[in-house]
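Here's the letter readout for the chains.
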Amino acid sequence: MSFAFTTRLPLSRHAVDRDHSARANPELFDTLWADARTRVVALWNGKALIAGLDEHASDADVPRLALLAPGRLPPSELRLYLGLSLDEGSVEPVGTPLVAAQLGDDAARALEPDESRWASLRELATSLSDRDAGAFAEALGLLNWHKSHTHCPRCGTATTAEDSGWTRRCPTCGSQVFPRTDPAVIVLITDSADRILLGSNAMWENNRYSLLAGFVEPGESLEAAVIREMFEETGLRVTDPVFMGSQPWPFPASLMCGFTARLDDGQHADGLLPDGEEILELRWFSRDELRASTGTVVLPGPSSIARGMLEQWLGEPIAPGPDWVRG
């Protein structure tokens, strides 16, 4: 079930060969810039440039990344090699080299001053092709890592990007830093009546609800994190954690690992104890109650794994409502 479920998640889709062996070539970008096939994804403040009709968008309602020839790109702050396109249905042929380029404010405005042509991954996740969704998620996660690892963790010296954007090296002590992803568990808890438990976070409006989630701690398995996090946030003991699937969530650097779990037989469903700091309110929902609440309760947005997990349990798409986005 996990593979079939994961392939339906917007940000788990991909059609890019990451071409790991090419990254170590110190002249890779010179080679790619001389290759007429190379295409570049322009990024600015976490947003990507979206193609217009003049760039082969076949339908104005179906967005796609603007893939630019290197000669069209103004000077960039950082370049990242994403790999080779595997998308047979795109304008660019299979094997097209893909690069992401981080632009500063002046360069981005010179390239495209219309800010509506720059869009976030949250906005586009469900409407992009597999290739574009995967490339955007890869580029954004890597760029966010670069932003948070500008200095050596050992000696504090400013680091420099190497291996086509896939490592950073300290010029003083020579240590290398590699990209990191923070695993988090997100859990669909059911009780003996097959109701699910949703929580409202302290940072949200009081009508927003989602599945409960938390980060995995050092030395902890995913399954142990499920049991610990759910007890910390709800006061309830859960059992039988079962992995459903995963989705990258590069906001800034998470991998959301979806699990189901059931309320322990020794626990009463009404013994809810929200932690009062992160989770302020907890509610059980039957399927009929969830369907009836979509006009008043804000549920996870369509780009999130939480939405996919809820729809898997519900057995149908969630009716349109006041969507929002959470991993």
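Peer 1: Is there a simple way to think about the pattern of salt bridges in this case?
Peer 2: Any two side chains of opposite charge can pair, given that their charged atoms come close. Considering all chains together, one arrives at 19 salt bridges under this definition. Between E220 and R228 there is a salt bridge; the shortest N-O distance is 2.6 Å. Where E232 meets R228, a salt bridge forms, and the shortest distance between an N and an O atom there is 3.2 Å. One end of the pair, E232, and the other, R228, are both in helix 6 (residues 222–234), four residues apart, so they sit about a helical turn from each other. Taking relative accessible area as the criterion, E232 reaches 40% and is therefore assigned partly exposed. Several salt bridges converge on common partners, so that one network encompasses E217, E220, R228, E229 and E232.

Peer 1: Hey, could you run me through the side chain of S200 in this one?
Peer 2: In this structure, S200 sits in strand 12 (residues 196–201). Setting aside residues no more than four positions away along its own chain, S200 makes contact with E205, N206, R208, Y209, E278, I279, L280 and E281.

Peer 1: Help me out: how do you make sense of the sheet that holds strand 10 (residues 176–177) in this one?
Peer 2: Backbone hydrogen bonds hold the strands of a sheet together, and the pairing may be parallel or antiparallel. Spatial strand order, 8-9-10: three strands in an open sheet with antiparallel pairing. Of all the strands in the sheet, the pair left with one neighbour each is strand 8 (160–162) and strand 10. Judged from the three bridges that link them, strand 8 and strand 9 (residues 167–169) form a sheet pairing that is antiparallel. Of the residues in strand 9, the one forming a bridge with T160 is R169. Against the sheet, helix 5 (residues 130–148) engages strand 8, strand 9 and strand 10, with an angle of about 20 degrees to strand 9.

Peer 1: Explanation requested: the pairing of strand 6 (residues 97–102) in the structure shown.
Peer 2: One face of the sheet, then the other: side chains in a regular strand alternate in exactly this way. Counting buried residues along strand 6, six of its six residues qualify, which places the element largely inside the surrounding structure. Covered by surrounding structure in strand 6 are P97, V99 and A101 together with L98, A100 and Q102, the residues of both alternating faces. Both strand 2 (residues 39–44) and strand 6 contribute to a ladder of five bridges, which runs parallel. Residue pairing across strands places V40 opposite V99, the latter belonging to strand 6. Sheet topology places strand 5 (residues 78–85) next to strand 6; six bridges connect them, and they run antiparallel. Bridged to L84 within strand 6 is P97.

Peer 1: I keep staring at the nonpolar core and nothing clicks. Help me out?
Peer 2: Within soluble globular proteins, side chains that are nonpolar tend to cluster in buried spots. F136 and L198 are the most contacted members of the largest nonpolar core, which totals 53 residues. In terms of residue count, the dominant contributor to this core is helix 5 (nine residues). In contact with F136, not counting residues within four places along its chain, are L43, G46, K47, A48, L65, A119, S120, L121, L124 and L128.

Peer 1: Looking at this model, I keep getting lost on the pairing of strand 11 (residues 182–190). Mind explaining?
Peer 2: Counted residue by residue, strand 11 has seven buried out of nine residues, so it is predominantly covered. Bridging between strand 11 and strand 13 (residues 212–215) involves four bridges; their strand directions are antiparallel. Bridged to V187 within strand 13 is L212.

Peer 1: What is the right way to read helix 5 from this model?
Peer 2: At 3.6 residues per turn, the α-helix brings residues three or four places apart onto the same side. For helix 5, with 19 residues, the first-to-last C-alpha span of 27 Å sits near the 27 Å given by 1.5 Å per residue. By the criterion of burial, helix 5 is predominantly enclosed, with 15 of the 19 residues buried.

Peer 1: It is not clear to me how unusual backbone geometry should be interpreted in this structure. Could you clarify?
Peer 2: Note on backbone geometry: most residues besides glycine have negative phi, and most peptide bonds are trans. Between F251 and P252 the backbone carries a cis peptide bond, its omega angle lying at 10 degrees. In this structure, P252 sits in the loop between strand 14 (238–249) and strand 15 (254–263). Phi at S164 takes a positive value of approximately 60 degrees, unusual for a residue other than glycine. Structurally, the position occupied by S164 is in the loop between strand 8 and strand 9. For S164, a relative accessible area of 7% puts it in the buried group. In this structure, D240 is a non-glycine residue whose phi angle is positive, near 55 degrees.

Rules of the game
- Residues numbered from 1 in each chain as written.
- Predicted model: local features only at pLDDT ≥ 70, side-chain atom pairs only at ≥ 80, totals over all residues.
- Heavy atoms only, no water.
- Salt bridge = Lys/Arg side-chain N within 4 Å of Asp/Glu carboxyl O.
- Helix = DSSP H or I, 4+ residues; strand = E, 2+ residues; numbered from the N terminus.
- Buried < 20%, exposed > 50% of the residue type's maximum accessible area, 1.4 Å probe, protein only.
- Contact = heavy atoms within 4.5 Å.
- Pairing = 2+ DSSP bridges.
- Axes fitted to C-alpha atoms, helices over the stretch in contact; angles between N-to-C directions.
- Core = buried A, V, L, I, M, F, W, Y, C linked by side-chain atoms within 4.5 Å.
- Expected span 1.5 Å × (residues − 1).

Geometric descriptors of this kind do not, in isolation, establish any biological role.
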